[in-house]
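# Observations on chain architecture
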Amino acid sequence: MVAALKQENTKVLTGSVLKKVEGLDSDKDGVKNIDEINADKMPGDPKSK
Ligand SMILES: [Ca+2]
């Protein structure tokens with residue numbers, strides 16, 4: 001997430017930043033970020049999926 005924000009040169013969570021990270025599994029719990037977001041879970045917390 002932080003890398004994607006730097007890449008976009010912004011600290012604002014834009015749609016394009018979300019698009020870049022939604023296919024990733026930031027917390028490595030086996031569930032993609034987009035699936036965690038849609039399920040109202042936290043993509044940065046491996047205990048939340
Ligand atoms: Ca995850």
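Residues numbered from 1 in each chain as written. Predicted model: local features only at pLDDT ≥ 70, side-chain atom pairs only at ≥ 80, totals over all residues. Heavy atoms only, no water.

### Some thoughts on the side chain of Ser-48
The line we're drawing: Segments assigned H or I by DSSP are reported as helices when at least four residues long, segments assigned E as strands when at least two residues long, and all are numbered from the N terminus. Whether a residue is buried, partly exposed or exposed follows from its accessible area with a 1.4 Å probe, protein chains only, as a fraction of its type maximum: under 20%, in between, or over 50%, in that order. Residues adjacent in sequence count toward polar contacts only when both atoms are side-chain atoms; beyond that, a polar contact is any pair of N or O atoms within 3.5 Å, and within protein one must be able to donate a hydrogen and the other to accept it. What makes two residues a contact is simply this: any of their non-hydrogen atoms within 4.5 Å.
Along the polypeptide, Ser-48 turns up in the segment after α3 (33-38). Taking the relative accessible area as the measure of exposure, Ser-48 reaches 14% and is therefore buried. Engagement of the side chain of Ser-48 in a polar contact is seen with the backbone nitrogen of Met-42, the distance being 3.0 Å. What Ser-48 contacts, discounting residues up to four positions off in sequence, is Asp-27, Asp-29, Glu-36, Lys-41 and Met-42.

### Some thoughts on the coordination of the calcium ion
Where a metal carries four tetrahedral donors, each ideal angle is 109.5 degrees; where it carries six octahedral donors, the ideal angles are 90 or 180 degrees. For the record, the criterion: Note: metal donors comprise N, O and S atoms at 2.8 Å or less from the metal (3.2 Å for Na, K and Ca); water molecules are not included, so apparent gaps in a site are possible.
Taken together, the protein ligands of the calcium ion are Asp-25 (OD), Asp-27 (OD), Asp-29 (OD), Val-31 (O) and Glu-36 (OE), with distances of 2.0 to 2.4 Å. On the primary sequence, the residues serving as donors to the calcium ion are separated as D-x1-D-x1-D-x1-V-x4-E. On the accessibility criterion, Asp-27 (11% relative accessible area) is buried.

### What about a nonpolar patch on the surface?
The cut-off we apply is this: In this analysis, a patch consists of residues with relative accessible area above 30% that form no salt bridge, clustered at 9 Å for like charges and at 5 Å for the nonpolar side chains Val, Leu, Ile, Met, Phe, Trp and Tyr. Areas reported as accessible are Shrake-Rupley estimates using a 1.4 Å probe. Residue values count occlusion only from the protein chains shown. Just to be clear on terms, a salt bridge is a Lys or Arg side-chain nitrogen sitting within 4 Å of an Asp or Glu carboxyl oxygen.
Together, Leu-13, Leu-18 and Ile-37 make up a nonpolar patch on the protein surface, roughly 230 Å² of accessible area in all. Among the residues examined, Leu-13 registers a relative accessible area of 48% and is labelled partly exposed.

### Focus: the environment of Asn-9
Looking at the element boundaries, Asn-9 is found in the loop between α1 (2-7) and α2 (15-21). Judged by its relative accessible area of 70%, Asn-9 falls in the exposed class. Residues Asn-9 and Pro-43 lie 34 residues apart in sequence; the distance between their C-alpha atoms is 21 Å.

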